[in-house]
Amino acid sequence: MAKAARMHRTLGNFSQAMFYYQKKIAAFPKELGEQAVKQAFDFAMECWDHEELELATVMLRKALTHHRNYFGDKECNTLCELLGMTGKYQMTLECLAEAGRIELIFNKPMIEYSDEDEKVDLQPPKDKLEKIDFALLTAVHISETLAIDLQCKAIVATIHMRRKDLVKNAVHKVLKLNAEDIVEILYDIGTAYMEKEAWEEALTALNKILNCKEYKEDAPEILLKRSQCLTNLKKYPEAVVDLCKCVEQAQHHVGARLSLCNAYVRVHEYRKAITTLDDVDKYDSDFTGQERMQLLKQRYETFLKWAARPGKKKKLTSAADVLAIMFANKLRQSFTGNLAIRRRTRKSNNPNAGEIRICRYSIHHQQIDAEDFMDADENYFNTDEWLDLYRKLLDLLNICKRYKEATVINQAVIDSRPLSARIKREKLELVGLRLSLLAGWHQFAYDYIRMWVIRTLRDGNVVPQHMWNIFNQVVMRADDGRQRHHKFCTRQLEKNPNIVSLSFLKAHDGIMNGKYRFALTEYIKILHQFPDDPLLKLLIGIIFIHIMVQKTTGRKHAYLTQAFAFFTNYAESRGYTQETKYNIGRALQQLGLHHFATHMYEDALEQPPPTVEHSTDSTASADYLDLKNEIAYNLSLIHRKSGNHSMANHLLMTHCVV
């Protein structure tokens, strides 16, 4: 077996070599037990050096099982240490009892171990663990003469098994010892109590350590643990004092700063909490990217809690700033190209503008401060967490009315494959459209709606009317939308000549640009498809009037005749209602035919307001669509121009007073 083990070690098969060494330990005769235990300990330490803790544990367990009488305190302490590192506290107690270091008292007689019935096994003797029901454990007898390290191992294992009452007396005896000599033991006991949320007992052990005059090396860590105990005991002022001392002694301890920030938040000292995090800027090069992102997250959460206090809603602006910085680190590639993040140097009209601004690099050439913000690690959050932060950031920017920054960030998310792959692109584009309209960036909105139209037509689907309406509204507001829209409509009409909405948009664009003959051609084409549409007849009549009033137009009477011919067809198709008489009256008034316009307006005033079909409240709908205010105002202008001021005032007082 020894030769096989050496061969495997030569070949580099460390685990297999240890396997044969285990068999060798088990095969040692009883009279060579001391040598077997020594070799087992050496092999176990070698396994420990190779971070093979399970192999080391098994090696020492073999030695304990087969050569118990030669198993000394050093080997026993090492075995307990290994079992504690792997969280096997029940096995720790069982090994201590098997080695005769402690005595376990159960409600039923404990099983005696005999060397005769031991069997050579390559694994720890789990069968003995199964024979002992630790739920029936009633007492743990720890002798005062036992080595203090082994006493500590037994106490810690019992505490981890949630049976701290069984070692209460043993802990009390340990606390009576000189603290200067047992600092590490007190630390282990206090940590065990904390892990099982026994805060009072943990606080007692930690206080004993801090009373040591010469123990200052790990004082910040002890202070941090004691503050955790005080916090869970709801002794917040005392916890703040400990944390302040901890931060003062360990300026670069991120955990201490975060704990102090949380402690200040609990006592509603939000400004001090933020100051604690701001002090990090003094030690820029001493924090990792992970720690910086962790500090940014804490700062964001602190501002949110501060904003929830009465009268502190403006702190949402600061929370949005911090979250924007976090997201800028995620979209780092965009901020090295077409985006910029900078400090706000000019006062904004928006009171919730914040101190940080995210903008497009192409339209802002001020100093870029990306190097001051791009120092956090984007891998601190996973993709789902980033998407959740993205939604929260848009909500905050929307509350603060920072629509332009929200538009920029949303577009950056669309361009980011890892993020956009988890959300439907249509949803992101819809959010971008709404934000760009709120921000007044209609060129962005035009790009979104144009993409939707192209995508719908490419898929062979019919573009819904509401999409064309949105497209038209965006084009009317975009600075450069009309020229781009005209080219776009022309190209799409060549591919899809039967889309009436495109023809309408192209004709409307002609009217807006003063190209009346071009618009007339488009409207006539549509009229051939819909000869009974009254709106088309009205628009054609209006175009004839526009053409007629141009200086270069000859035979104006012919255009006027055609215009009123279409107005007459419009009135016949629509009916002689308030609307038709008002529109014809406006045309007559624009031409200076005030006598005829007056008759039209007077007839329109006598007409009832229109009603809406299927309306649940017909009166409200009729008032909303009533044109009497407009009619009376236009008629008053005619009377005032003719010198009849009393009649003009009468019309205004009758129909135009709110």
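On a predicted model such as this, the values are computed, not experimentally measured, just so you know.

### What about the overall build of the protein chain?
Of regular secondary structure, the protein chain possesses 35 helices and four strands. Counting all 658 residues of the protein chain, 46% fall into the buried class. Element-wise, carbon and sulfur atoms account for 50% of the exposed surface of the protein chain, whose accessible area totals about 35,400 Å².

### So, helix 34 (residues 628–641)
Side chains of residues three or four places apart in an α-helix project in the same direction, reflecting 3.6 residues per turn. With 14 residues, helix 34 should reach 20 Å at 1.5 Å per residue; the first-to-last C-alpha distance of 20 Å fits that figure. Buried within helix 34 are the following residues: I631, A632, N634, L635, S636, I638 and H639. Summarising the contacts, the buried residues of helix 34 are in contact with helix 31 (578–590), helix 32 (594–606) and helix 35 (645–655). Positive backbone phi, at 95°, marks G643, one or two positions downstream of helix 34.

### Considerations on unusual backbone geometry
In this model, E197 sits at a positive phi of 60°, which is unusual for a non-glycine residue. Looking at where E197 falls in the secondary structure, it is placed in the loop between helix 10 (183–195) and helix 11 (199–210). The exposure class assigned to E197 is exposed, which follows from its relative accessible area of 58%. Notably, K234 is not glycine yet its phi reads approximately 65°, a positive angle. Tracing the backbone shows K234 in the loop between helix 12 (219–232) and helix 13 (236–249). A residue is classified by how much of its surface remains accessible, and K234, at 63% relative accessible area, is exposed.

### Overview of the nonpolar core
Most often, soluble globular proteins keep nonpolar side chains buried together rather than apart. If you look at the biggest cluster of nonpolar residues, it comprises 88 residues, and the most contacted ones within it are M326, F327, I341, V413, W468 and F471. Counting residues in each nonpolar core, the second largest holds 65 residues, with A56, I159, I189 and Y193 among its members.

### Remarks on the side chain of R455
Turning to its location among the elements, R455 is positioned in helix 24 (residues 442–458). When residues no more than four places from it in sequence are discounted, the contact partners of R455 are R425, E426 and E429.

### Digging into the pairing of strand 3 (residues 339–343)
Counted residue by residue, strand 3 has four buried out of five residues, so it is predominantly covered. Of the pairings in the sheet, the one linking strand 3 to strand 4 (residues 356–360) comprises five bridges and is antiparallel in character. Note on strand 4: the bridge partner recorded for L339 is R360.

### Overview of the environment of A202
Summarising the element assignment, A202 is placed in helix 11. Here A202 falls in the buried class, since its relative accessible area comes to 0%. When the C-alpha positions of A202 and C229 are compared, they lie 7.2 Å apart, and in sequence the two are 27 residues distant. Filtering out sequence-adjacent residues up to four positions away, A202 remains in contact with G190, Y193, M194 and C229.

About the cut-offs
Residues numbered from 1 in each chain as written. Predicted model: local features only at pLDDT ≥ 70, side-chain atom pairs only at ≥ 80, totals over all residues. Heavy atoms only, no water. Helix = DSSP H or I, 4+ residues; strand = E, 2+ residues; numbered from the N terminus. Buried < 20%, exposed > 50% of the residue type's maximum accessible area, 1.4 Å probe, protein only. Areas by Shrake-Rupley, 256 points an atom, 1.4 Å probe, with all protein chains shown as cover. Expected span 1.5 Å × (residues − 1). Contact = heavy atoms within 4.5 Å. Core = buried A, V, L, I, M, F, W, Y, C linked by side-chain atoms within 4.5 Å. Pairing = 2+ DSSP bridges.

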